[in-house]
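# Architecture and fold: a report
Residues per chain are reported as follows:
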Amino acid sequence: MNVWLFKTEPSTFGLDDLRAAPGATTSWDGVRNYQARNFLRDRIALGDRGILYHSSCAVPAAVALLEVVRAGYPETPSLPSAPSRRPASAPEPERPVWYAVDVHLLLPFPHPVTRPAMREHPDLIHSRLLQRGNRLSVLPLSAKEAQAILDLADVDPAAIRDATK
DNA sequence: GCCAACGTTGGC
DNA sequence: GCCAACGTTGGC
């Protein structure tokens, strides 16, 4: 089970929007970076966890624990034509370019974990998340990094394993 | 508002 | 294929 960081600008879509969404679940789409796209398409699995991170706002911070409830799927599904009906001369259908996953809000953090707080933690000080110029909107977290963020959020460590109820 | 970092574009 | 210019992201 892997843990992923999902970055979002709360002025566009944040924790409050996810709370208000039907089933506290949303499609994580709109990612337009190939490296992040590859994570969505190839690496993020059903049941993986996510940490929701607010960026480009007054207090950038990790704010919630998520669960992936649907693995990667094309943003705009192309209607697959039955192979037998496709003339041999027709081009192969193109592979979709952009992908989404669905995430569900498991647990809003008791309090946000800010960047200064993360810098105090030995397991986060070298995290890609804290590096300047990091522009990846979806990125993998090591088990240590994920645990450190949950520790700083005062979330029960068991939450990351047992949250599915 | 500033600046660093990175991705994309386009001329050659 | 190189690389400069430009646009975007994102922290501060």
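Residues numbered from 1 in each chain as written. Chains lettered and ligands numbered in written order. Predicted model: local features only at pLDDT ≥ 70, side-chain atom pairs only at ≥ 80, totals over all residues. Heavy atoms only, no water.

On inspection of all chains with the given rule, the structure shows four salt bridges. A salt bridge links arginine 32 to glutamate 75; the nearest nitrogen and oxygen atoms lie 3.0 Å apart. Remark: glutamate 75 occurs in the loop between strand E4 (61–74) and strand E5 (99–114) and arginine 32 occurs in the loop between strand E2 (25–28) and helix H2 (34–43); sequence separation between them is 43 residues. Taking relative accessible area as the criterion, arginine 32 reaches 48% and is therefore assigned partly exposed. By relative accessible area, which is 23% here, glutamate 75 ends up partly exposed. (Salt bridge = Lys/Arg side-chain N within 4 Å of Asp/Glu carboxyl O. Helix = DSSP H or I, 4+ residues; strand = E, 2+ residues; numbered from the N terminus. Buried < 20%, exposed > 50% of the residue type's maximum accessible area, 1.4 Å probe, protein only.)

Around DNA strand C, the neighbouring residues are Lys7, Glu9, Tyr53, Ser55, Ser56, Pro60, Arg115, Arg119, Asn134 and Arg135. When atoms of DNA strand C within 4 Å of the protein are split into backbone and base, the sugar-phosphate part holds 85%. Measuring from a phosphate oxygen of DNA strand C, one finds a side-chain N or O atom of lysine 7 at 2.6 Å. For DNA strand C, a phosphate oxygen lies 2.8 Å from a polar atom in the backbone of serine 56. Here the residues of the surface near DNA strand C sort into two nonpolar, three polar and five charged. (Near = heavy atom within 4 Å. Polar contact = N/O pair within 3.5 Å; in protein donor to acceptor, adjacent residues only side chain to side chain. Nonpolar A, V, L, I, M, F, W, Y, C, P; charged D, E, K, R; others polar.)

The element strand E1 (residues 3–8) is extensively covered by neighbouring structure, given that six of its six residues are classed as buried. Of the two faces of E1, both are covered, the one formed by Val3, Leu5 and Lys7 as well as the one formed by Trp4, Phe6 and Thr8. When E1 meets strand E3 (residues 49–54), the two strands line up parallel, connected through six bridges. Each bridged residue has a counterpart across the sheet, and for lysine 7 the counterpart in E3 is tyrosine 53. Bridge count between E1 and strand E6 (residues 138–141): four bridges; the pairing is antiparallel. Bridge assignment links phenylalanine 6 to a residue of E6, and that residue is valine 138. (Pairing = 2+ DSSP bridges.)

This brings us to the protein's contact with DNA strand B. Close to DNA strand B lie Tyr34, Arg132, Gly133 and Arg135. Counted by class, the surface near DNA strand B contains one nonpolar, one polar and two charged residues.

This part takes up H2. For H2, the set of buried residues is Ala36, Arg37, Phe39 and Leu40. Angularly, the buried residues of H2 cover 155° about the axis, an arc narrow enough to put them on a single face. Turning to H2, the residues buried within the fold contact E1, E4, E5 and E6. Between the side-chain oxygen of the N-cap and the backbone nitrogen of glutamine 35 there are 3.0 Å, and the N-cap of H2 in question is asparagine 33. (Arc of directions from axis to C-beta. Contact = heavy atoms within 4.5 Å.)

Before going further, it helps to spend a moment on the sheet that holds E3. Whenever strands of a sheet pair, they do so through backbone hydrogen bonds, lying parallel or antiparallel. Strand order in this open sheet of six strands is E2-E5-E4-E3-E1-E6, and the pairing throughout is mixed. The open sheet has two edge strands, E2 and E6, and neither has a second partner. Sheet twist, expressed as the average angle between the axes of neighbouring strands with direction ignored, equals 35°. Strand direction decides the pairing type here: E4 and E5, joined by ten bridges, are antiparallel. For alanine 61, the partnering residue across the bridge sits in E5 and is threonine 114. Lying over the sheet, H2 contacts E1, E4, E5 and E6, oriented at roughly 65° with respect to E6. (Axes fitted to C-alpha atoms, helices over the stretch in contact; angles between N-to-C directions.)

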